[in-house]
Amino acid sequence: MMLFQPPPITRYDLNFNLFGIPVRVHPIFWLMILLFASSTRGLLQYFIWVVVIFLSLLLHEMGHALVMRGFGRSSEVILYYGGGLTVPCAEAWGTTWANVSLSRKQEILVSLAGSFMGFFLVAIVLVFIKLSGGLVGLTLLFGFLPFPVIQLAGSNVLLNSLLMSLVWVNLFWGIINLMPVLPLDGGNIAQHLFLIADPYTGQRKAYQLSMVSGALVAVAGLLLLRSLYLAMIFGFLAFQSYQALKR
Ligand SMILES: [Zn+2]
């Protein structure tokens, strides 16, 4: 997803390569996940949350980047204060550089790949628990939202909480990103679909859908999930779409 523009390079950036894709972690990313991770069960559990959030956001962006590479486009992954970002690199074009764009269908597949990478990991975890003799069940979050719960065979509390938080973060992050709100992945997918259907009114329709669904998610986040965080983010995105519509 892309909430804000890519941040400037700092000397505290962590840089590495994963499957040939350059990854840059901006220092504020760590601050963000330190604030976001929460555990009432001690420092080790808290540390597990931090690691799981880091790995899950990285996996999500790698999904985008790997599918983009499959379509012949190289990119860079950035983890920053807006979450994660996959930025296409300019390609050598004769003696100069050019931004070669993907087709709309390819863009849709690239956008889907982030969340589905996470869902795929969740599926692997659930199958692993089942095969190792553990329990996979469903609970109702807030009384209405079905959510998987797992219980490993044996009593490995730490491994169980590691796997549980992997399931949690990847489902949560994957679903949030698929909301049809710009500039989230779901918003991009809706925009490309609208533009395929009608190049003249598509952009406007995408912003209208984004504004309405952003407002709905904000209200639902506040009233049903009691999350001020969700309400603020989606309220902000709905307002952004409203401003784009006015232009
Ligand atoms: Zn994404």
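Note that the structure is predicted; figures quoted are calculated from it, not measured.

## Description of the overall build of the protein
Secondary structure assignment for the protein yields seven helices and eight strands. Computed over its C-alpha atoms, the radius of gyration of the protein comes to 19 Å, within 12% of the 18 Å expected for a compact globule of 247 residues. Seen along its three principal axes, the alpha-carbon backbone of the protein occupies a region of about 60 × 45 × 35 Å. Residue pairs at least 24 apart in sequence account for 53% of intrachain contacts in the protein once pairs closer than 6 positions are excluded.

## A word on the environment of arginine 104
Position of arginine 104 among the secondary structure elements: in helix H3 (residues 104-131). Sequence spacing of arginine 104 and alanine 197 is 93 residues, and the spatial spacing of their C-alpha atoms is 11 Å. Dropping the residues within four chain positions of it, arginine 104 is found in contact with His192, Leu195 and Ile196.

## Re unusual backbone geometry
A cis amide bond links leucine 182 with the next residue in sequence, proline 183, at an omega value of 5 degrees. Tracing the sequence through the fold places proline 183 in the loop between helix H4 (157-177) and helix H5 (185-197). Despite not being glycine, phenylalanine 19 has its phi angle at roughly 50 degrees, a positive value. With respect to the helices, strands and loops of the structure, phenylalanine 19 is situated in the loop between strand S1 (14-18) and strand S2 (21-25). The class for phenylalanine 19 is exposed, based on 9 C-beta atoms found within 10 Å. Positive phi is not limited to glycine here, since arginine 226 has a value of about 50 degrees. As for its position among the elements, arginine 226 is in the loop between helix H6 (202-223) and helix H7 (228-246). Using a count of 10 C-beta atoms within 10 Å as the deciding quantity, one classes arginine 226 as exposed.

## Some thoughts on the packing of H3 against H5
Interaxial distance between H3 and H5 falls to 9 Å at its minimum, and their mutual angle equals 160 degrees. By the angle class used here, H3 and H5 are roughly antiparallel. Between H3 and H5 lies a crossing whose hand is left-handed. Packed against H3, whose contacting residues are Arg104, Glu107, Ile108, Ser111, Leu112, Gly114 and Ser115, the element H5 presents Asp185, Asn188, Ile189, His192, Leu195 and Ile196 at the interface.

## A word on the domain arrangement of the protein
When its domains are assigned, the protein resolves into domain 1 (1-178) and domain 2 (179-247). Here the C-alpha centroids of domain 1 and domain 2 sit 21 Å apart. Contacts between the two partners involve 14 residues from domain 1 and, on the opposite side, 12 residues from domain 2. Those elements that place two or more of their residues in the side of domain 1 that touches domain 2 are H3 and H4. Broken down by element, the residue count for the side of domain 1 that touches domain 2 peaks at seven residues, all from H3. Among the residues forming the side of domain 1 that touches domain 2, the class breakdown is eight nonpolar, four polar and two charged.

## Describing H4
Helix length check: H4 (21 residues) gives 30 Å between terminal C-alpha atoms against 30 Å at 1.5 Å per residue, within 8%. Listing the buried residues of H4 in full gives Leu163, Ser165, Leu166, Val167, Val169, Asn170, Trp173, Gly174, Ile176 and Asn177. Next to the buried residues of H4 lie helix H2 (43-70), H3, strand S8 (145-151) and H5.

## So, the sheet that holds strand S3 (residues 75-80)
Here we have four strands laid out as an open sheet, ordered S1-S2-S3-S4, and mixed in their pairing. In this open sheet, the two edge strands, each paired with only one partner strand, are S1 and strand S4 (83-88). In this sheet, adjacent strand axes meet at a mean angle of 20 degrees when their direction is disregarded. Judged from the six bridges that link them, S3 and S4 form a sheet pairing that is antiparallel. Along S4, the bridge assignment pairs isoleucine 78 with leucine 85. Most of the contacts of H2 go to S4, to which it runs at about 15 degrees, and overall it touches S1, S2, S3 and S4.

Criteria and cut-off values
Residues numbered from 1 in each chain as written. Predicted model: local features only at pLDDT ≥ 70, side-chain atom pairs only at ≥ 80, totals over all residues. Helix = DSSP H or I, 4+ residues; strand = E, 2+ residues; numbered from the N terminus. Rg over C-alpha atoms; globule rule 2.2 N^0.38 Å. Contact = placed C-beta atoms within 7 Å. Buried ≥ 20, exposed ≤ 12 C-beta atoms within 10 Å, placed from the backbone. Axes fitted to C-alpha atoms, helices over the stretch in contact; angles between N-to-C directions. Parallel < 35°, antiparallel > 145°, perpendicular 65-115°, else oblique. Left-handed = near helix turned anticlockwise from the far one by under 90°. Domains from an automatic or database assignment. Nonpolar A, V, L, I, M, F, W, Y, C, P; charged D, E, K, R; others polar. Expected span 1.5 Å × (residues − 1). Pairing = 2+ DSSP bridges.

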